[in-house]
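# Structure at a glance
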Amino acid sequence: MNAFETPSKFDLKHTESKVCFSICDCSLDKKYSFYGLSREQATKFLKRLQHIEKLTWGQFMSLLRGKGATKEKRNSGNFDLIHNENTSERMLMEQYYFHFRIEQIGLFRIFGYQRDQFFCITHIDPSGKINH
């Protein structure tokens, strides 16, 4: 394994930390931005994130794929999409990029990366159709 491969899909140092969401790196592209959601979509989105923030990183990452996170593979379109919005100073060393689905209240796909206990959201796809 080279220095840039990720041994797990999240930083194990934060297994017992609660998941916290941040939209500070969210794309400003209207199609994929939190700011482009309707009031109803934003309300549903935030309610689901509040539910997830009750979980630890270990619990969140152990959820089944339909409700949990999927690791993005290096050099994939989704990986590059997230990487281009990543403002972390440590982005060359930490490559914990993933997406998860919110299907219980209408399909959203949330893309982002882990920085310490934070899930930094870079893209929100209310149609669930981003697929690079």
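Owing to the predicted nature of the structure, the values given are computational and were not obtained by experimental measurement.

Calculation criteria
- Residues numbered from 1 in each chain as written.
- Predicted model: local features only at pLDDT ≥ 70, side-chain atom pairs only at ≥ 80, totals over all residues.
- Heavy atoms only, no water.
- Helix = DSSP H or I, 4+ residues; strand = E, 2+ residues; numbered from the N terminus.
- Buried < 20%, exposed > 50% of the residue type's maximum accessible area, 1.4 Å probe, protein only.
- Contact = heavy atoms within 4.5 Å.
- Areas by Shrake-Rupley, 256 points an atom, 1.4 Å probe, with all protein chains shown as cover.
- Pairing = 2+ DSSP bridges.
- Core = buried A, V, L, I, M, F, W, Y, C linked by side-chain atoms within 4.5 Å.
- Phe/Tyr/Trp six-rings, centres within 6.5 Å; stacked < 30°, edge-to-face > 60°.
- pLDDT = per-residue confidence, 0-100.

## Examining the overall build of the chain
- Scanning the chain from N- to C-terminus turns up 3 helices and 5 strands.
- Sequence-ordered secondary structure for the chain, helices as α and strands as β, is β-α-α-β-α-β-β-β.
- For the chain, the residues scored as buried account for 48% of the 132 residues in total.
- Within the chain, residue pairs in contact and separated by at least 24 positions form 63% of the contacts whose partners lie at least 6 positions apart.
- Carbon and sulfur atoms provide 53% of the accessible area of the chain, an area that totals close to 7500 Å².

## Let's talk about the pairing of strand β4 (residues 108–115)
- Burial runs high along β4: 8 of the 8 residues are buried.
- Looking at chain direction, β4 and strand β5 (residues 118–125) are connected through 7 bridges and run antiparallel. The residue of β5 that forms the bridge with arginine 115 is phenylalanine 118.
- Here β4 folds back onto β5, and the loop between the two strands holds 2 residues, one of which, aspartate 116, carries a positive phi near 55°.

## Section: the nonpolar core
- Ranked by size, the top nonpolar core spans 24 residues in total, and within it Phe45, Phe60, Phe100, Ile110, Phe119, Ile121 and Ile124 carry the most contacts.
- At the level of elements, α1 (39–52), α2 (57–61), β3 (97–102), β4 and β5 are the ones that each hand at least two residues to this core.
- Sequence-distant contacts of isoleucine 124, that is, excluding residues within four places in its chain, are made with Cys26, Lys31, Tyr32, Ser33, Phe34, Leu37, Phe45, Phe108, Arg109 and Ile110.
- Counting residues in hydrophobic clusters, the runner-up holds 6 residues, among them Ile82, Tyr97, Phe111 and Cys120.

## Section: the packing of aromatic side chains
- Enumeration according to the criterion identifies 14 aromatic pairs in this entry.
- The interplanar angle of 15° and the centroid separation of 6.4 Å between the aromatic rings of phenylalanine 10 and tryptophan 57 together place this pair among those described as stacked. With phenylalanine 10 in the segment before β1 (20–22) and tryptophan 57 in helix α2, the pair connects residues that are 47 residues apart, well separated along the chain. Grouping residues by exposure puts phenylalanine 10 and tryptophan 57 together as buried.

## Digging into the confidence of the model for the chain
- In this model, the chain carries an average pLDDT of 81, and 81% of its residues clear a pLDDT of 70 or more.
- Taking the mean pLDDT of every element in the chain, the minimum, 85, falls on strand β2 (residues 69–71) and the maximum, 94, on β1.
- Ignoring residues within four places in sequence, the model shows residues 1–7, a span with pLDDT below 50, making 8 contacts including any to other chains.

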